[in-house]
Amino acid sequence: MAALFLKRLTLQTIKTENTCIRRCLGKYVVQKTALAEPSHIASAPRPSCLIHAKAFSTEDTQDKREKKKKNETAFRNVGRKINERIIQVLDEKGNDLGPMHRANVIRLMAEQDLRLVLRDPGAEPPRYQLMTGTQIYQERLRRRGMERAEPKPGPTLTKELTFSSNIGQHDLDTKSKQIQQWIEKKYKVQITIKKGKNAEEPENKTEEICNQILQTMPGIATFSSRPQPIRGGKAVMCVLRPLSQKEENACRSAQGTQRGDALNRENGNHGASNALHQ
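A brief report on the enclosed structure follows.

How each quantity is defined
- Residues numbered from 1 in each chain as written.
- Predicted model: local features only at pLDDT ≥ 70, side-chain atom pairs only at ≥ 80, totals over all residues.
- Heavy atoms only, no water.
- Helix = DSSP H or I, 4+ residues; strand = E, 2+ residues; numbered from the N terminus.
- Buried < 20%, exposed > 50% of the residue type's maximum accessible area, 1.4 Å probe, protein only.
- Contact = heavy atoms within 4.5 Å.
- Areas by Shrake-Rupley, 256 points an atom, 1.4 Å probe, with all protein chains shown as cover.
- Pairing = 2+ DSSP bridges.
- Axes fitted to C-alpha atoms, helices over the stretch in contact; angles between N-to-C directions.
- Salt bridge = Lys/Arg side-chain N within 4 Å of Asp/Glu carboxyl O.
- Disulfide = S-S within 2.5 Å.
- Core = buried A, V, L, I, M, F, W, Y, C linked by side-chain atoms within 4.5 Å.

1. Topic: the overall build of the protein
Part 1 of the argument: For the protein, the count of helices and strands is seven helices and eight strands.
Part 2 of the argument: For the protein, the proportion of its 278 residues judged to be buried stands at 21%.
Part 3 of the argument: Taking contacts inside the protein between residues at least 6 apart in sequence as the whole, the part at least 24 apart equals 55%.
Part 4 of the argument: Here the protein displays about 21,800 Å² of accessible surface, and carbon together with sulfur accounts for 53% of that area.

Shown next, in the form of C-alpha cells:
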C-alpha cells in the first residue's frame, strides 16, 4: 500500500515538473519571436516619400540683397525698430544731441511727436535724425527731384545732321546752336558735310566748317571722330561728343590758368607804364 502511494506521488511530481518546463519554454519562445519580428519589419523596404524643397537661384539671392540694400538706404521713418543700442541723434533742426540709448530716443519721440530717420548707417555709431512728418515729406520730394534731374545711365544716342558746304553763315550759326543743345543733353552728333558744286571752293573747306562748329562750343564738346572723307571724297563726316567730367575739370583749370596769366601780363604792363611816367 505504501509502495503504491509513493509511485503515484512520484508520477504526480514528474507531471508537475513537465508542466512547469513547458510553461517556461513557451514564454521563452514567445519572447524570442516578439523580439525577432521588429527586425523583419525594419529590414523591409520603406516607401519613398516626396520632400518639397525650394529651388535655389543666385538671381533670387541677388534680388533679395538689392532689395534689402534699397530698404536700408531708403529715406523712411524707422519707428521703434532701432537695431543698435547706442545711436548718434540729431534733432529736427539738425543740432547734434550726441550718443543716446535707444530707449531714451523712443521716449523723446513719444514726448515730442517726432519720427526717426536713418541718416548715415556707416557712421560709428549710426547717425539718426528726429524729424516731423512734414520734414520727411519735403525731403522725399527734394530727393525725387534730384533723381529725375540726374541723367539716367544708358547707351549714348547719336543725332545726325547733313548739309552742304555752300551753307550761309546765318544757317551755319543756327545749326551750331542746335548741335550745342544736343551736346548739352549728352548726345553724340554725327555731322556730314557735302562738298558744293562750286569749282572755286577750297579743298579743305568742309574740314574748316567742322572745326568752326567745334570752336563755338569750348569746354563742352570735342571730336569723337575727326573729319574724314566719305562717299569717294564727295563729303566729309565727323562726330562730336560731350566732354567727360574729367575733361571738363581739366578744361576749367586750363582756362583759369590762362586768365591768371593774362591778368598778370596786364598788371605787369600797367606797372611798367607807371614806372615810365614817374
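2. Things to note about the pairing of strand β4 (residues 127-131)
Successive residues of a regular strand alternate their side chains across the two faces of the sheet.
Part 1 of the argument: When you tally the buried positions in β4, you get four out of five residues, the bulk of the element.
Part 2 of the argument: Here strand β3 (residues 115-120) runs beside β4; their pairing, made up of five bridges, is antiparallel. Residue pairing in the sheet places Leu116 in a bridge with Leu130 of β4.
Part 3 of the argument: In sequence, β3 turns back onto β4 through a hairpin of six residues.

3. A short note on the sheet that holds strand β1 (residues 86-90)
Part 1 of the argument: With respect to topology, four strands assemble into an open sheet ordered β2-β1-β4-β3, the strand pairing being mixed. Edge positions in the sheet fall to β2 (96-101) and β3, since each of these pairs with one other strand and no more. Taking the axes of each pair of neighbouring strands and ignoring which way they run, one obtains an average angle of 35 degrees across the sheet.
Part 2 of the argument: With five bridges connecting them, β1 and β2 associate as antiparallel partners. Bridging across to β2, Ile86 finds its partner in His101.

4. Here we look at the pattern of salt bridges
If the charged atoms of two oppositely charged side chains come close together, the side chains can form a pair.
Part 1 of the argument: Applying the stated criterion to the full structure yields eight salt bridges.
Part 2 of the argument: One salt bridge in this structure joins Arg115 and Asp113, with 3.8 Å as the shortest N-O distance.
Part 3 of the argument: Asp120 is the partner of Arg127 in a salt bridge, and the nearest nitrogen-oxygen pair spans 3.3 Å.
Part 4 of the argument: A relative accessible area of 29% means that Asp120 is categorised as partly exposed.

5. Thoughts on the state of the cysteines
Part 1 of the argument: On inspection of all chains with the given rule, the structure shows zero disulfides.
Part 2 of the argument: There is no disulfide at Cys210, and the cysteine sulfur nearest it, in Cys238, is 3.4 Å away.
Part 3 of the argument: Residue class for Cys210 comes out buried when judged on its relative accessible area of 1%.

6. So, the nonpolar core
Part 1 of the argument: Membership of the largest hydrophobic core comes to 18 residues, with the highest contact counts inside it found for Phe163, Ile179, Ile183, Ile191, Ile213, Met217 and Leu240.
Part 2 of the argument: The contact partners of Ile179, leaving out residues within four places of it in the chain, are Leu161, Val189, Ile191, Ile213, Met217 and Leu240.
Part 3 of the argument: Of all hydrophobic cores here, the second largest spans 13 residues; its members include Val78, Val89, Leu114 and Leu116.

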